[in-house]
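Structural overview
As a plain string of letters, each chain reads:
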Amino acid sequence: MSRGDELKELASDLSRAVEAARRVGLPTTVYLLSMALVEVREAAAAAADDGDDDSAA
């Protein structure tokens, strides 16, 4: 699995965690997970722009 694929999977996991935290009313957790999700999405986009070259990491 490439780094980009791993980041996309992590983003998906974080997104589900954000929704779960929102459902149970944990606003601070929602905020923190949302910030992590932004970082992971940016990293995934950068990996895609770099052509998913694992040797560059």
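Residues numbered from 1 in each chain as written. Predicted model: local features only at pLDDT ≥ 70, side-chain atom pairs only at ≥ 80, totals over all residues. Heavy atoms only, no water.

1. A few points about the overall build of the protein chain
Rules: Helix and strand assignments follow DSSP, with helices taken as H or I runs no shorter than four residues and strands as E runs no shorter than two, numbered in order from the N terminus. Two residues form a contact once any of their heavy atoms are found within 4.5 Å. Throughout, the Shrake-Rupley method with a 1.4 Å probe supplies accessible areas, and for residues the shown protein chains are the sole cover considered.
Counting its secondary structure elements, the protein chain contains two helices and zero strands. Long-range pairs, those at least 24 residues apart, make up 57% of the contacts in the protein chain with a sequence separation of at least 6. With the model as given, the accessible surface of the protein chain reaches about 4000 Å², and the carbon-plus-sulfur share is 55%.

2. Here we look at a nonpolar patch on the surface
Operational definition: Each patch groups residues whose relative accessible area exceeds 30% and which form no salt bridge, using 9 Å between like charges and 5 Å between nonpolar side chains of Val, Leu, Ile, Met, Phe, Trp and Tyr. Any carboxyl oxygen of Asp or Glu that lies within 4 Å of a side-chain nitrogen of Lys or Arg is treated as forming a salt bridge with it. Exposed residues in this analysis have more than 50% of their type's maximum accessible area, buried residues have under 20%, and partly exposed residues fall in between, with area computed by a 1.4 Å probe over protein chains only.
On the surface, a nonpolar cluster with roughly 390 Å² of combined accessible area is contributed by Tyr31, Leu32, Met35 and Val38. Counting through the fold element by element, Leu32 comes out in helix 2 (residues 27-49). For Leu32, a relative accessible area of 53% gives the class exposed.

3. A short note on the environment of Asp5
Residue position: Asp5 is located in helix 1 (residues 3-23). It is 9.3 Å that separates the C-alpha atoms of Asp5 and Ala48, two residues lying 43 residues apart in sequence.

4. Structural notes on helix 2
Heads up, the condition is: What a helix is expected to span follows from its residue count: subtract one and scale by 1.5 Å.
Its 23 residues place the ends of helix 2 33 Å apart at the C-alpha level, agreeing with the 33 Å of an ideal helix rising 1.5 Å per residue. Buried within helix 2 are the following residues: Val30, Leu33, Leu37, Val40, Ala44 and Ala47. For helix 2, the secondary structure elements touched by its buried residues are helix 1. Gly51 lies just past helix 2 and shows a positive phi near 75°.

5. Points about the environment of Ala43
Counting through the fold element by element, Ala43 comes out in helix 2. Note on Ala43: relative accessible area 24%, which makes it partly exposed. In sequence terms Ala43 and Lys8 are 35 residues apart; their C-alpha atoms lie 9.3 Å from each other. Among residues more than four places away in sequence, those in contact with Ala43 are Arg3 and Leu7.

6. Comments concerning the pattern of salt bridges
Scanning all chains against the criterion turns up two salt bridges. For Asp13, the salt bridge identified is with Arg16, shortest N-O distance 2.3 Å. Taken together, the residues Asp13 and Arg16, both in helix 1 and three residues apart, mark about one turn of the helix. Here Arg22 makes a salt bridge to Glu19, at a shortest N to O gap of 2.7 Å.

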